[in-house]
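Examining the three-dimensional arrangement
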Amino acid sequence: MKKFHIKRGDEVAVIAGAHKGKTGNVLEILTSKDRVRVEGVAMIKRHMKKTQEGESGGIIEREGSVHISNLMLKSKFDTSTKRPTAVATA
């Protein structure tokens, strides 16, 4: 079993890639692909077919996955000194 620096339920920040700067909670970790589903990040649209159980079909928007190397714990991201801090105006 692989060991990662984040786990389900952690609040993370995306530090690289197309979704850089977004934050959210970890919903699921895909260990076989080294990817993570983060709430509100990498949204994709799925075209779902109607089923006999009464579920309506249509276009459903849900979270895609982000590679685990592009994520950092939000607490570490906030205390990081790598990025410039906002300058307060008087």
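Quick caveat: nothing in here was measured; it's all calculated off a predicted structure.

Looking now at the environment of Glu39. Assignment of secondary structure puts Glu39 in the loop between strand 3 (35–38) and strand 4 (43–48). Considering only alpha carbons, one finds Glu39 and Glu28, eleven residues apart in sequence, at a separation of 9.3 Å. The contact partners of Glu39, leaving out residues within four places of it in the chain, are Thr23, Gly24, Asn25, Leu27 and Glu63.

Next up on the list: the nonpolar core. Among the nonpolar cores identified, the biggest contains eleven residues, and these are Ile6, Val12, Val14, Val26, Val36, Val38, Val41, Ala42, Val66, Ile68 and Leu71. Elements supplying a minimum of two residues to this core: strand 1 (11–14) and strand 3. When neighbours within four sequence positions are excluded, Ile68 is seen to be in contact with Phe4, His5, Ile6, Asp34, Arg35 and Val36.

On to the environment of Arg46, then. Tracing the backbone shows Arg46 in strand 4. C-alpha of Arg46 to C-alpha of Glu61: the two residues are 15 residues apart in sequence and 6.2 Å apart in space. The contact partners of Arg46, leaving out residues within four places of it in the chain, are Gly58, Ile59, Ile60 and Arg62.

About the cut-offs
- Residues numbered from 1 in each chain as written.
- Predicted model: local features only at pLDDT ≥ 70, side-chain atom pairs only at ≥ 80, totals over all residues.
- Heavy atoms only, no water.
- Helix = DSSP H or I, 4+ residues; strand = E, 2+ residues; numbered from the N terminus.
- Contact = heavy atoms within 4.5 Å.
- Core = buried A, V, L, I, M, F, W, Y, C linked by side-chain atoms within 4.5 Å.
- Buried < 20%, exposed > 50% of the residue type's maximum accessible area, 1.4 Å probe, protein only.

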